[in-house]
Amino acid sequence: LHGGFIPYGATFLMFMEYARNALRMAALMKQRAIFVYTHDSIGLGEDGPTHQPVEQIASLRLTPNMSTWRPCDQVESAIAWKHAIERNDGPTALIFSRQNLPQMDRTAQQLADVAKGGYVLKDCAGTPELILIATGSEVELAVAAYVELTAKGRAVRVVSLPATDVFDAQSAEYKESVLPAAVTRRVAIEAGIADYWYKYVGLNGKIIGMHSFGESAPAELLFKEFGFTVENVVATAESL
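Not measured: the values here are computed from a predicted model. (Residues numbered from 1 in each chain as written. Predicted model: local features only at pLDDT ≥ 70, side-chain atom pairs only at ≥ 80, totals over all residues. Heavy atoms only, no water.)

S.K.: Is there a simple way to think about the overall build of the chain in this case?
M.R.: Looking only at helices and strands, the chain has 10 helices and 9 strands in total. Considering only C-alpha atoms, the chain reaches an extent of 60 × 45 × 30 Å along its principal axes. By residue count, 52% of the 240 residues in the chain fall in the buried class. Taking the contacts inside the chain whose residues are at least 6 apart along the sequence as the reference set, 75% of them involve residues at least 24 apart. As displayed, the chain offers around 11200 Å² of accessible surface, 55% of which is attributable to carbon and sulfur atoms. Of the charged side chains in the chain, 21 are positive and 27 negative; the average position of the first set lies 6 Å away from that of the second. (Helix = DSSP H or I, 4+ residues; strand = E, 2+ residues; numbered from the N terminus. Buried < 20%, exposed > 50% of the residue type's maximum accessible area, 1.4 Å probe, protein only. Contact = heavy atoms within 4.5 Å. Areas by Shrake-Rupley, 256 points an atom, 1.4 Å probe, with all protein chains shown as cover. Lys, Arg positive; Asp, Glu negative; His and termini not counted. Charge placed at Lys NZ, Arg CZ, Asp CG, Glu CD.)

S.K.: Just checking my understanding: could you explain the packing of helix α5 (residues 139-151) against helix α10 (residues 230-239) for this structure?
M.R.: Packed helices, taken two at a time, are described by their axes: the angle between them and the distance between them. Look at α5 against α10: their axes get within 9 Å of each other, and the N-to-C directions meet at 60°. Between α5 and α10, the interaxial angle falls into the category oblique. In terms of crossing hand, the pair formed by α5 and α10 is right-handed. Residues L141, A144, A145, E148 and L149 of α5 lie in contact with α10, whose contacting residues are V230, V233, V234, A237 and E238. Considering only residue class, the contact of α5 with α10 consists of 8 nonpolar, no polar and 2 charged. (Axes fitted to C-alpha atoms, helices over the stretch in contact; angles between N-to-C directions. Parallel < 35°, antiparallel > 145°, perpendicular 65-115°, else oblique. Left-handed = near helix turned anticlockwise from the far one by under 90°. Nonpolar A, V, L, I, M, F, W, Y, C, P; charged D, E, K, R; others polar.)

S.K.: Any chance you could explain the side chain of R186 here in plain terms?
M.R.: Of note, R186 is situated in strand β8 (residues 186-193). This buried residue, R186, is left without a salt bridge; E176 holds the nearest opposite charge, at 6.3 Å. In this structure the side chain of R186 is engaged in a polar contact, spanning 2.9 Å, whose partner is the backbone oxygen of P180. One polar contact links the side chain of R186 to the main-chain carbonyl oxygen of Y200, over a distance of 2.7 Å. Discounting chain neighbours no more than four positions away, the residues touching R186 are L130, I131, L179, P180, A181, Y200, V201, G205, K206 and L240. (Salt bridge = Lys/Arg side-chain N within 4 Å of Asp/Glu carboxyl O. Polar contact = N/O pair within 3.5 Å; in protein donor to acceptor, adjacent residues only side chain to side chain.)

S.K.: I'm lost on the pairing of strand β2 (residues 34-38) in this one. Help?
M.R.: For β2, the tally of buried residues reaches 4 of 5 residues, placing the bulk of the element in the interior. The handedness of the strand β1 (residues 8-12) to β2 crossover, carried by helix α1 (residues 20-28), is right-handed. (Right-handed = clockwise from strand over helix to strand, strands pointing away.)

S.K.: What exactly am I supposed to notice about the packing of aromatic side chains here?
M.R.: Each aromatic ring pair is characterised by the separation of its centres together with the angle its planes make. Taken as a whole and judged by the stated rule, the model has 8 aromatic pairs. Taken together, a centroid distance of 5.5 Å and an interplanar angle of 85° make the contact between Y196 and W197 edge-to-face. Across the pair, exposure class does not vary: Y196 and W197 are buried alike. When the ring of W197 is compared with that of Y200, the centres are 5.4 Å apart and the planes differ by 45°; the resulting orientation is tilted. Taking relative accessible area as the criterion, Y200 reaches 5% and is therefore assigned buried. Clustering of aromatic rings is evident, with ring pairs tying together F12, F15 and Y18. Directly above the aromatic system of Y196 lies the positively charged group of R61, at a separation of 5.0 Å from the ring centroid. (Phe/Tyr/Trp six-rings, centres within 6.5 Å; stacked < 30°, edge-to-face > 60°. Lys NZ or Arg CZ within 6 Å of the ring centre and 35° of its normal.)

S.K.: Would you take a moment to explain a nonpolar patch on the surface for this structure?
M.R.: Taken together, the side chains of L1, M25, L28 and M29 present a nonpolar region at the surface, about 420 Å² in accessible area. Positionally, L1 belongs in the segment before β1. (Patch = residues over 30% accessible without salt bridge, like charges linked within 9 Å, V, L, I, M, F, W, Y side chains within 5 Å.)

S.K.: I keep staring at the sheet that holds β8 and nothing clicks. Help me out?
M.R.: Strands pair in a sheet through their backbones, by hydrogen bonds, and they do so in one of two ways: parallel or antiparallel. Overall, mixed pairing links the 5 strands, which are arranged β5-β7-β6-β8-β9 in an open sheet. Among the strands making up the open sheet, the edge pair consists of β5 (119-122) and β9 (206-210). Shown here is a sheet whose adjacent strand axes are inclined to one another by a mean of 25°, direction ignored. Of the pairings in the sheet, the one linking strand β6 (residues 130-134) to strand β7 (residues 156-160) comprises 5 bridges and is parallel in character. For A134, the partnering residue across the bridge sits in β7 and is S160. In this fold α10 packs onto β6, β8 and β9, with an angle of close to 150° to the strand it touches most, β9. (Pairing = 2+ DSSP bridges.)

S.K.: Looking at this structure, I do not really get the nonpolar core. What am I missing?
M.R.: Generally speaking, soluble globular proteins have nonpolar side chains that are buried together. Ranked by size, the top nonpolar core spans 60 residues in total, and within it L132, I133, L179, I189, W197, Y200 and F228 carry the most contacts. With 7 residues, α5 is the single largest residue contributor to this core. Once residues within four sequence positions are removed from consideration, I133 is found in contact with V159, L161, L179, V187, A188, I189, W197, Y200 and V201. L13, Y37, I57 and A93 belong to the second largest nonpolar core, which has 12 residues in total. (Core = buried A, V, L, I, M, F, W, Y, C linked by side-chain atoms within 4.5 Å.)

This is the structure we're talking about:
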């Protein structure tokens, strides 16, 4: 509280539960604390549902004045860290996967737009007929599904949304440019609790997310079991 230092700590995302009061008070007191969380989903694997966070990402996002980032690669991670360091009126949670993730290609404009919390990562000519929204490790899935759907002649957009609170604070014009209201066919993909995403996909959209606790098994088997596959994303998109 005296200033001079920026406090930070790191642990598994699941263990934010043990620090719930500290997280809430940091947000309430507008303290510049940085919480670094790893092993962010069922991708944790064999430790099982006791250690696999499901509702924790949504819980952090729903905490007033907590800025929450779930980056998909090194670039988004660096921008998230910059945001956390520069923010001086509240805490930031940085959420990372256990598994390795690919680096995404970006234009200079896309790179600048990462700092807005959400941006168009892949796009089509003209107005898209479908928007795939993803964060963190699931952006890779969305991009792979985009490639497959585009090859089938579909007009698809991929939106990476690493920080929903930052995106929500942008101008109405910018948010409309990323998620145009006229495009109602939307699929959100995140290996966390599904219900959070209705605010972005609408009641008629689809969400590939968690509706239960996880299980104990290798990550690749769990992702397949719970529908986090390219095949399921494509099938869900085509159902719309």
